[in-house]
Amino acid sequence: MSPEELTRLGIAEVGKLIRRRALSPVELTRAYLDRIQREDGDRLAYITVLRNEALAAAAAAEREIAGGHSRGPLHGIPIALKDLIMTRGIRTTCGSRILKDWVPDADATVARRLAEAGAILLGKLNMHEFAYGPTGVNPHYGTSRNPWDRGRMPGGSSSGSAVAVAAGLCAGALGTDTGGSVRIPAAFCGLVGLKPTYGRVRRAGVIPLAWSLDHVGPMTRTVTDAALLLQALAGRDPADPSTADVPVPDYARAMQGEIRGLTLGLPKDLFFERLDPEVRAAVLAAARSLEGLGASLEEIPLPKIRHAGPASFAIIVSEATAYHEPYLKTRAAEYGADVRARLMTGQFILAGHYLKAQRARQVIRAEMDLALRRVHALLLPTTPVPAPPLDARELTVDGLTEDVRAWLIRCTRPINVTGHPALSVPCGLTAAGLPIGLQIVGRHFDEATVLQIGRAFEAVSPMRERRPPLDSK
Amino acid sequence: MAPISIHLLQALSQELSRIPTDPDDLANAASQLAAQLEGLGRLDDLDLSAVEPATVLLPPREVPYVS
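First things first, this report covers the structure right here in the doc. Note that the structure is a prediction, hence the values are computed from the model and not measured.

### Points about the overall build of chain A
No. 1: Each helix and strand in chain A was counted, giving 16 helices and 13 strands.
No. 2: Relative to its length of 473 residues, chain A is compact, with a C-alpha radius of gyration of 20 Å against a globular reference of 23 Å.
No. 3: By principal-axis analysis of the C-alpha atoms, chain A measures approximately 60 × 60 × 45 Å.
No. 4: Within chain A, the fraction of its 473 residues that count as buried is 60%.
No. 5: Counted over contacts in chain A with a minimum sequence separation of 6, partners at least 24 positions apart contribute 78%.

Right under this line is the structure:
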């Protein structure tokens with residue numbers, strides 16, 4: 001198999017080859033590093049590439065495996081991290097000028113867990129500055145290029161994570177998601193992106209955007225790969241009081257079953273109200289495919305979900321401004337204009353607004369919980385539109401013109417407000433060749449069912465053999 | 001709804017939060033706030049009378065008595 005072919009395989013596939021000793025972790029890591037060197041100059045997925053460190057870690061993995069000590073499915077697998085995940089001795093910029101030279105003295109828990117599982121860290125990935133935006137446009141490090149169409153947004157804020165995985169520059173990556181920042185770029189770049197339940201994955205050592213809405217999640221080429229990464233990340237962490245003491249199942253096993261007999265809900269409110277026609281057609285076709293696999297579909301009312309948008313706004317801008325206040329007072333000019341303007345907005349949200357939003361959140365979540373007693377999961381679009389042009393400021397859908405950012409987060413941010421697990425799976429291409437994402441939302445801490453549905457759909461999806469034109473410029 | 005005064009935002013910024021601001025950022029903030037205030041007001045449509053905010057601290061775990 002050629003080095004190029006190796007970089008197109010998923011984590012599960014190369015992991016099997018490594019464990020059988022049919023593939024050397026050093027060979028695989030070198031294949032990725034060479035591809036990064038050749039391809040990332042103008043793709044701009046990486047901020048920092050760790051060539052020497054990665055090769056040394058791969059050599060160590062190879063020795064361990066040769067000695068009969070496999071650490072499991074991630075051992076020897078080259079991955080990369082969004083650059084707000086702290087890495088000891090490796091700069092962590094948060095996609096910002098303010099932290100361009102910051103070198104943490106500790107690892108985030110998720111970085112440590114992946115290293116303990118034997119994953120090889122290739123580098124740190126580009127992102128929307130401080131994770132504060134869904135477009136992925138970055139004025140400091142350049143904007144990562146969507147491999148399906150370089151003139152289109154990659155989605156954000158985990159833009160580099162999506163581009164790196166989609167363009168074959170790492171086998172899998174971690175992103176973070178406060179209003180859709182894993183799922184939006186996953187949908188725009190034709191990938192799988194999982195926002196786990198709030199409290200499922202450790203956030204200690206991840207620079208926050210909004211503490212009560214932030215989630216860490218995997219971005220991969222397949223649902224199985226997302227499950228393998230989640231397995232290494234999930235669980236209680238004494239260093240993170242927001243993590244829950246809930247048993248972690250064996251996801252690879254739990255997601256194997258058929259979906260026959262499951263009931264899937266199609267929400268009547270908000271999510272299907274204003275959609276690009278091609279997105280609507282692809283998501284409804286995906287629902288019918290799942291019905292064809294034996295699931296039943298049911299329309300579900302969620303009248304309170306439309307309040308999630310304003311609640312999310314009040315919470316994000318308040319929490320983000322609270323975190324950034326010291327920098328705003330001393331280094332405001334170093335922020336990009338879009339992020340600084342949003343951070344400035346946060347100072348004008350009243351405490352009453354914030355608390356009302358946090359109280360509303362309980363009611364919205366209770367309604368969603370009630371709906372998820374009737375059905376096993378909900379099916380929604382991940383975004384109402386495919387990836388917009390890089391310079392888009394506003395979009396008009398069904399006669400309504402709004403800021404492009406508002407459109408991008410419309411279907412994802414309500415799920416950050418409720419904290420339920422949500423998976424974005426590719427479900428089709430537009431006539432212009434842009435990927436479309438199906439979003440599957442499950443019960444709290446039931447990532448297994450969400451993954452099971454995603455995996456079942458993946459097997460029949462029109463996207464199952466589709467790849468971006470990787471070597472075109 | 002009346003537009004939000006940039007002078008008001010500037011005064012709040014200077015006197016209360018003490019964050020130095022740029023007029024362009026304040027114009028952007030005024031526009032963002034104006035777009036969201038109606039939705040924030042509609043949160044009153046929800047019955048929140050018996051609802052505590054999601055931010056309340058959980059009580060600490062009971063520590064067993066050690067003699």
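### A closer look at the sheet that holds strand E2 (residues 78-82) of chain A
Residue and element names in this part refer to chain A.
No. 1: Strand order in the open sheet formed by 11 strands is E1-E3-E2-E4-E6-E5-E12-E13-E9-E7-E8, with mixed pairing between adjacent strands. The open sheet has two free edges, formed respectively by strand E1 (46-49) and strand E8 (296-300), since each of these has just one partner strand. Each adjacent strand pair in this sheet contributes to an overall mean axis angle of 30°, direction not counted.
No. 2: In terms of strand pairing, strand E12 (residues 422-429) meets strand E13 (residues 435-442) through seven bridges, oriented antiparallel. Bridging across to E13, Leu429 finds its partner in Pro435.
No. 3: Contacting E1, E2 and strand E3 (120-125), helix H3 (residues 25-39) runs over the sheet at an angle of about 20° to E3.

### Topic: the nonpolar core
Residue and element names in this part refer to chain A.
No. 1: In this structure, Ile79 and Ala164 are the most contacted members of the largest nonpolar core, which totals 155 residues.
No. 2: If one sorts the elements of this core by residue count, helix H11 (residues 308-331) sits on top with nine residues.
No. 3: Once residues lying within four places of it in the same chain are set aside, the contact partners of Ala164 are Ala45, Tyr46, Ala80, Leu125, Leu169, Cys170 and Ala173.

### Examining helix H5 (residues 109-116) of chain A
All names here are of chain A.
No. 1: Of all the positions in H5, only Thr109, Val110, Ala111, Arg113 and Leu114 are classed as buried.
No. 2: As for H5, its buried residues are in contact with E2, strand E4 (172-177), strand E6 (215-220) and helix H8 (223-233).
No. 3: In the stretch just after H5, Gly118 is the one whose phi turns positive, near 95°.

### Quick notes on the packing of H11 of chain A against helix H13 (residues 351-374) of chain A
Residue and element names in this part refer to chain A.
No. 1: Orientation of H11 relative to H13, taken along the N-to-C sense of each, is 135°, at an axis distance of 9 Å. When the axis of H11 is compared with that of H13, the two are oblique. At the point where H11 passes H13, the crossing takes the left-handed sense. Two secondary-structure elements touch here, H11 through Ala308, Ala311, Ala314, Ile315 and Ser318 and H13 through His353, Tyr354, Ala357, Gln358, Ala360, Arg361 and Ile364.

### Concerning the packing of helix H12 (residues 337-346) of chain A against helix H2 (residues 23-42) of chain B
The packing of two helices is summarised by the inter-axis angle and the distance between the axes.
No. 1: The geometry of H12 of chain A relative to H2 of chain B is characterised by a closest axis approach of 8 Å and an angle of 65° between their N-to-C directions. Two packed elements cross with a definite hand, and for H12 of chain A against H2 of chain B that hand is right-handed. Of the residues in H2 of chain B, those in contact with Arg340, Ala341, Met344 and Thr345 of chain A of H12 of chain A are Asp25, Leu26, Asn28, Ala29, Gln32 and Leu33 of chain B.

### As for the pairing of strand E11 (residues 400-403) of chain A
Residue and element names in this part refer to chain A.
No. 1: Sheet analysis places strand E10 (residues 394-397) next to E11, joined by four bridges and oriented antiparallel. Along E11, the bridge assignment pairs Leu395 with Glu402.
No. 2: Connecting E10 to the antiparallel partner E11 that follows it, the hairpin turn spans two residues, and Asp398 within it adopts a positive phi of roughly 50°.

### Considering the interface of chain B and chain A
No. 1: The interface is formed by 25 residues belonging to chain B together with 28 residues belonging to chain A.
No. 2: Put simply, the parts of the chain that give the side of chain B that touches chain A at least two residues each are helix H1 (6-17) and H2 of chain B.
No. 3: Ranked by the residues each element gives to the side of chain B that touches chain A, the list is headed by H2 of chain B, at 10 residues.
No. 4: Residues belonging to the side of chain B that touches chain A are distributed by class as follows: 14 nonpolar, eight polar and three charged.

Rules of the game
- Residues numbered from 1 in each chain as written.
- Chains lettered and ligands numbered in written order.
- Predicted model: local features only at pLDDT ≥ 70, side-chain atom pairs only at ≥ 80, totals over all residues.
- Helix = DSSP H or I, 4+ residues; strand = E, 2+ residues; numbered from the N terminus.
- Rg over C-alpha atoms; globule rule 2.2 N^0.38 Å.
- Buried ≥ 20, exposed ≤ 12 C-beta atoms within 10 Å, placed from the backbone.
- Contact = placed C-beta atoms within 7 Å.
- Pairing = 2+ DSSP bridges.
- Axes fitted to C-alpha atoms, helices over the stretch in contact; angles between N-to-C directions.
- Core = buried A, V, L, I, M, F, W, Y, C linked by C-beta atoms within 7 Å.
- Parallel < 35°, antiparallel > 145°, perpendicular 65-115°, else oblique.
- Left-handed = near helix turned anticlockwise from the far one by under 90°.
- Nonpolar A, V, L, I, M, F, W, Y, C, P; charged D, E, K, R; others polar.

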